Amino acid sequence: MAPVIELKNINKHFGDHHVLKDISLSVEKGEVVVIIGPSGSGKSTLCRTINRLETIDSGEILIDGERLPEEGRNLAKLRSQIGMVFQSFNLFAHKNVLDNITMGPVTVLHKSHSTSKDEAMELLKRVGVGSEAHKLPSQLSGGQQQRVAIARALAMHPKAILFDEPTSALDPEMINEVLDVMTKLASDGMTMLIVTHEMNFARRVADRVIFMDDGRIVEEAKPEDFFENPKTERAKTFLNSIKSE
């Protein structure tokens, strides 16, 4: 069986800056892969290339074994199969929570409004914000907005969900309520690629940790191996810097 997500020799430049350097990785069905590393290492750019929110200069991206094209209808089809949860929620401010979630299923999956509404209410209950369905995003806390964003991604029945620093814009007391939802998704078997600074979460939930620095994958291992016995000096330095904070 092909990996749900596969990247082969991905390179990406921003002008003269080589942001991603020959990146290859795969994410298997049901696997939780966590990407960590210092700021500016290319983690978020890598995450955003997977559904072409960032273009690539060379390499190949495959979703369930099918090559992701650069544009066109097939790109939209494959992109709809990969959910995305952003750092800054990216909810539509002028639409209430329920409409934010039903828009994708209705317009992209061509589901009926009634079916989409029923599914949306179930998802909102699942992430703990069932009573907020008719509020605008601005009426919710950051943690609630992020849980709505997760429900919106789930509403598309994705093959995998990408999380790009999903807790970094949250106040400390709101972080755990989002991580708890993500932990439950992992236990339910959702395929996830997560860029995060939350090391305890990575240690607890990841099947595999990928450590990036300067646009490269420097090390990858099971979380217990990476955190207890990192193989590279760069990873050791990074982990020591976190412990000293």
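Refer to the preceding data block for the structure.
I will try to describe carefully the structure that is included in this document.

Reading the values: the criteria
Residues numbered from 1 in each chain as written. Predicted model: local features only at pLDDT ≥ 70, side-chain atom pairs only at ≥ 80, totals over all residues. Heavy atoms only, no water. Core = buried A, V, L, I, M, F, W, Y, C linked by side-chain atoms within 4.5 Å. Buried < 20%, exposed > 50% of the residue type's maximum accessible area, 1.4 Å probe, protein only. Helix = DSSP H or I, 4+ residues; strand = E, 2+ residues; numbered from the N terminus. Salt bridge = Lys/Arg side-chain N within 4 Å of Asp/Glu carboxyl O.

Ile36, Leu124, Ile150, Phe163 and Phe226 are the most contacted members of the largest nonpolar core, which has 50 residues in total. Sort the elements by how many residues they give to this core and helix 6 (residues 172–187) lands first, with eight residues. Of all hydrophobic cores here, the second largest spans 28 residues; its members include Ile61, Leu75, Ile82 and Leu162.

Attention now moves to the pattern of salt bridges. Taken as a whole and judged by the stated rule, the model has 16 salt bridges. Residue Lys111 pairs with Glu119 through a salt bridge whose shortest N-O separation is 3.0 Å. Overall, the relative accessible area of 23% leaves Lys111 in the partly exposed class. Using a relative accessible area of 25% as the deciding quantity, one classes Glu119 as partly exposed. In this structure, Lys135 and Glu132 form a salt bridge, with 2.8 Å as the shortest nitrogen-oxygen distance. Judged by its relative accessible area of 33%, Lys135 falls in the partly exposed class. The class of Glu132 is buried, set by a relative accessible area of 9%.

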